[in-house]
Amino acid sequence: SEIALEELPGVGPATAEKLKEAGFNTIEAVAVASPSELATTAEIGESTAAKIINAARQAADIGGFETGDLVLERRKLVGKLTTGCTEFDEMMGGGIETQAITELYGEFGSGKTQVAHQLAVNVQMDREHGGLGGSVIIIDTENTFRPERITQMVNGLSEKYGMELNPEEFLQNIHVARAYNSNHQILLVDSAVDLANELKEMGKPVRLLIVDSLMAHFRAEYVGRGTLADRQQKLNKHMHGLLRFGDLFNACVVVTNQVMAKPDAFFGDPTRPIGGHIVGHTATFRLYLRKSKGEKRIIRLVDSPSLPEGEAVVAVTTAGLTD
Ligand code: ADP
Ligand code: MG
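Rules of the game
- Residues numbered from 1 in each chain as written.
- Chains lettered and ligands numbered in written order.
- Predicted model: local features only at pLDDT ≥ 70, side-chain atom pairs only at ≥ 80, totals over all residues.
- Heavy atoms only, no water.
- Salt bridge = Lys/Arg side-chain N within 4 Å of Asp/Glu carboxyl O.
- Helix = DSSP H or I, 4+ residues; strand = E, 2+ residues; numbered from the N terminus.
- Buried < 20%, exposed > 50% of the residue type's maximum accessible area, 1.4 Å probe, protein only.
- Core = buried A, V, L, I, M, F, W, Y, C linked by side-chain atoms within 4.5 Å.
- Contact = heavy atoms within 4.5 Å.
- Domains from an automatic or database assignment.
- Buried area = accessible area lost by both parts, 1.4 Å probe.
- Nonpolar A, V, L, I, M, F, W, Y, C, P; charged D, E, K, R; others polar.

A word on the pattern of salt bridges. Taken as a whole and assessed by the stated rule, the structure comprises eleven salt bridges. The salt bridge involving Lys-18 is made with Glu-43; its shortest N-O contact spans 3.2 Å. Linking Lys-18 in helix 1 (residues 13-21) with Glu-43 in the loop between helix 3 (35-42) and helix 4 (46-59), this pair joins segments that are 25 residues apart in sequence. Taking relative accessible area as the criterion, Glu-43 reaches 61% and is therefore assigned exposed.

In structure tokens, the structure reads:
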């Protein structure tokens, strides 16, 4: 397993040492232990042992069930990342949530990449300024990451808050990888887990993972094929890898997506995001971006487990995303 024992909630360096000495070297070994066995070995309480085992099972994808109190415990850690826009934040119930996938979909030029860049800046701010004090990993499939744009946005925040923020430092906390095809894109999520573990140890936890764009390679590679089953299976694996990343590191996962024309739409908006049910069901929040007058963009919350549908108007300016 790529996850260290120390990553498990309730396992400090001392406990991890004891576990390793007793032969529990991996997450998998812990996942299949019994609470009493673990409690004796690591000299911890049995309920703590049970919690550690539960966390290990989850991390190792073993079991699949967890009790409601554990889910609640994890939910309490959910952080909210500001978008920098009042209406947008309010629509999201405070901001973009960690431990969830937020999908930004819309036509070319609707502002998906702009929002992603802005979040990569905002997440590095402290909590007082709506950030999560974390670093960023970007999987860039369309070669649209622009460091110059980050610099403009950092300068925008300097202006907004009357602070002297250093764009260079912000760029140092953004880790970008180009994905050359869909297989590479999936593999990069594993690399992202390794990198996030390293950064965590360095005191620079990753709080935002961006995939821009999620579907471009999948769409291009599977054009005109008789069956989409193969694509959907790979996509499913990818989406669950992303979800797991969000849970493991208490990070926001933001993906962008393209739209296609709905051939059967007589009423309403004639476009829909691509990726079918797999993307639709794994994305926790779905946001539909549309161009409006000039620099204005309309962002619609289409699907959410706990929030009402709604719309927010934002502006894409040189200084970044603003009200
Ligand atoms: P997509 O949804 O295709 O990812 P983008 O996020 O790339 O779209 O949005 C591109 C749009 O963002 C441009 O058409 C422009 O309106 C705006 N934009 C990009 N860079 C700047 C900038 N430096 N200053 C102001 N607006 C910008
Ligand atoms: Mg884009």
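On we go.
Within soluble globular proteins, side chains that are nonpolar tend to cluster in buried spots. Counting 39 residues, the largest nonpolar core has Phe-88, Val-136, Ile-150, Leu-208, Ile-210 and Leu-287 as the members making the most contacts within it. In this structure, Phe-88 is in contact with Thr-83, Val-115, Leu-287, Ile-299, Ala-312, Val-314 and Leu-321, ignoring residues within four places of it in sequence. By size, the runner-up hydrophobic cluster in this structure holds 29 residues, among which are Val-193, Leu-242, Val-255 and Ile-274.

Right, let's get into the domain arrangement of the protein. Each assigned domain of the protein is listed here: domain 1 (5-72) and domain 2 (80-322). Between the C-alpha centres of domain 1 and domain 2 there is a distance of 32 Å. Across the contact, four residues belong to domain 1 and six residues belong to domain 2. Here domain 1 meets domain 2 over a buried area of about 360 Å², counting both sides, of which 29% is carbon and sulfur. Counting every contact that joins domain 1 to domain 2 gives one salt bridge. One salt bridge in this structure joins Glu-7 and Lys-200, with 3.1 Å as the shortest N-O distance. Among the residues forming the side of domain 1 that touches domain 2, the class breakdown is one nonpolar, one polar and two charged.

Moving on: unusual backbone geometry. Glycine aside, residues mostly have negative phi, and peptide bonds are mostly found in the trans state. For the peptide bond that leads from Asp-212 to Ser-213, omega is 5 degrees, which places it in the cis range. The residue Ser-213 is located in the loop between strand 6 (206-212) and helix 11 (216-221) in this model. Located in the positive-phi region is Glu-43, a residue other than glycine, with phi close to 55 degrees. Positive phi values are uncommon outside glycine, yet Gln-99 reaches one of about 60 degrees. Here Gln-99 lies in the loop between strand 2 (96-97) and strand 3 (100-106).

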